[in-house]
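# Secondary and tertiary structure notes
Residue-level listing of the chains:
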Amino acid sequence: MSTAVEADFNQMPQVLAQQFHCLLKQVAGHTDLFHSERKRCTQPALSLLPELKLRTESASDPLMTAVRFAIAGNVINIPENTRITTRNIRDSFHRALTEPFPENREEFRNSLKNANNILYLTDRAGEIVFDRLLIEQLLPAKVTVAVHGKPVFDNATINDAEACGLHETAKIIDKGSVSPGTFIDDCSGEFLDHYRNADLVIAKGLDNFESLNDQQQNIFFLFPVKCQVIASHTGYPVGAHLLINRIRLCLTSRIPVIMPIKTTAGRFHQPLFINGFRSRPFP
């Protein structure tokens, strides 16, 4: 309880989440609180991989089909879905193929043409299976895939990457971080070397988007818009599937940074915005 009382709620939500996650692991006496959930998400994804790989390779535009599938894989989200089945995964991928897509796909293609070293930042377990479809389309460029070395919530780990065969296609490295997303100051020297030397960074999911949107790097973010705050920040509606460049985002972003207002009890009584993003109010 002292951790909750002493926590600094002016920090990014991912930083707070990491602090509470460490506390929960200590209390539970277990280093991987989401082991069974990660396995539960990975199994149906692996069962669909051959089918989706065939659909990707036979598509008129394999690269953008793989991009759509990688984004659609975000439906496999443990906190939001209590039951992951091949049916709801298939439904998500079917919608992905008809979902309106941002107009900057050619910008992405051009970045790929000029990239010799690509760093791919994964998001969650389960959906990392579908990241493989996109990573295979990035070859013959040198692709390095960054995951968490140690379990962090349901984020993809080295074991998850190896379970779907990613180590056969690309080099796998540990971010060296124990926080959701990718906080540069919290990452290992090995990761930073790959990050700084990358011609192109591809970052999956909202955690990576929130933690890296202010970085001076050529980053393309892949994620579905899940709330009105992100919709306001990107200029795209809730539900949209985005492939968006960090530089373009900086030019179009309109949402201001709003400091929190606390009640006498120390709780936030209006949404807290940090770096332009809203965290969940402390209950």
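Notes on the structure in this doc start here. (Residues numbered from 1 in each chain as written. Predicted model: local features only at pLDDT ≥ 70, side-chain atom pairs only at ≥ 80, totals over all residues. Heavy atoms only, no water.)

A few words on the nonpolar core. In terms of nonpolar packing, the biggest core is built from 45 residues, with V67, I118, Y120, L134, L138 and V145 touching the most fellow members. Counting residues per element, this core draws most heavily on helix α4 (residues 62-72), which supplies eight residues. Filtering out sequence-adjacent residues up to four positions away, Y120 remains in contact with A70, D131, L134, I135, L138, V143, T144, V145, A146, I202 and K204. Counting residues in each nonpolar core, the second largest holds 25 residues, with C187, F191, A198 and F221 among its members. (Core = buried A, V, L, I, M, F, W, Y, C linked by side-chain atoms within 4.5 Å. Buried < 20%, exposed > 50% of the residue type's maximum accessible area, 1.4 Å probe, protein only. Helix = DSSP H or I, 4+ residues; strand = E, 2+ residues; numbered from the N terminus. Contact = heavy atoms within 4.5 Å.)

For the coordinates displayed, the defined rule picks out 10 salt bridges. Notably, a salt bridge pairs R109 with D61, separated by 2.2 Å at the nearest N-O pair. With a gap of 48 residues between them, R109 in helix α6 (residues 105-113) and D61 in the loop between α3 (35-58) and α4 connect regions that are remote in the sequence. One salt bridge in this structure joins K204 and D131, with 2.7 Å as the shortest N-O distance. Of this pair, K204 sits in strand β4 (residues 200-204) while D131 sits in helix α7 (residues 128-138), placing them 73 residues apart in sequence. Both residues of the pair, K204 and D131, count as buried. (Salt bridge = Lys/Arg side-chain N within 4 Å of Asp/Glu carboxyl O.)

Another point: helix α5 (residues 86-98). In this model α5 runs 19 Å from its N-terminal to its C-terminal C-alpha over 13 residues, within 8% of the 18 Å that 1.5 Å per residue would give. Of all the residues in α5, the buried ones are I89, S92, F93 and A96. Across the axial projection of α5, the buried residues extend over an arc of 95°, all falling on one side. Among the exposed residues of α5, those oriented more than 90 degrees off its buried face are R87, H94 and T98. (Expected span 1.5 Å × (residues − 1). Arc of directions from axis to C-beta.)

Here we take up α7. Counting buried positions over the 11 residues of α7 gives nine, a clear majority of the element. Every buried residue belonging to α7 is among I128, V129, F130, D131, R132, L133, L134, I135 and L138, and all of these are buried.

Backbone torsion omega between L139 and P140 reads 15°, so that peptide bond is classified as cis. Among the secondary structure elements, P140 is positioned in the loop between α7 and β2 (142-147).

Attention now goes to the environment of A203. Tracing the backbone shows A203 in strand β4. Residue A203 is classed as buried on the basis of its relative accessible area, which comes to 0%. Apart from the residues lying within four places of it in its own chain, the contact partners of A203 are L121, N208, L212, I219, F220, F221 and L222.

Glancing now at the side chain of R124. Here R124 is to be found in the loop between β1 (117-121) and α7. A polar atom in the side chain of R124 sits 2.6 Å from the side chain of D154. (Polar contact = N/O pair within 3.5 Å; in protein donor to acceptor, adjacent residues only side chain to side chain.)

Moving on to the packing of aromatic side chains. If you walk through the whole model with that rule in mind, you get six aromatic pairs. For the pair F191 and Y195, a centre-to-centre distance of 5.9 Å together with 20° between the ring planes defines the contact as stacked. Separated by four residues within a single helix, F191 and Y195 lie in helix α9 (residues 189-197), roughly one turn from each other. In this structure Y195 comes out as buried when scored by relative accessible area, which is 5%. Members of the aromatic cluster, connected to one another through ring pairs, are F69, F93 and F130. (Phe/Tyr/Trp six-rings, centres within 6.5 Å; stacked < 30°, edge-to-face > 60°.)

Moving on, we get to the packing of α4 against α5. Direction vectors running N to C along α4 and α5 enclose 135°, while the axes themselves pass 9 Å from each other. When the axes of α4 and α5 are compared, the pair comes out oblique. Between α4 and α5 lies a crossing of right-handed hand. For the pair α4 and α5, the contacting residues are T65, R68, F69 and A72 in the first and S92, F93, A96, L97 and T98 in the second. By residue class, the composition of the contact of α4 with α5 is five nonpolar, three polar and one charged. (Axes fitted to C-alpha atoms, helices over the stretch in contact; angles between N-to-C directions. Parallel < 35°, antiparallel > 145°, perpendicular 65-115°, else oblique. Left-handed = near helix turned anticlockwise from the far one by under 90°. Nonpolar A, V, L, I, M, F, W, Y, C, P; charged D, E, K, R; others polar.)

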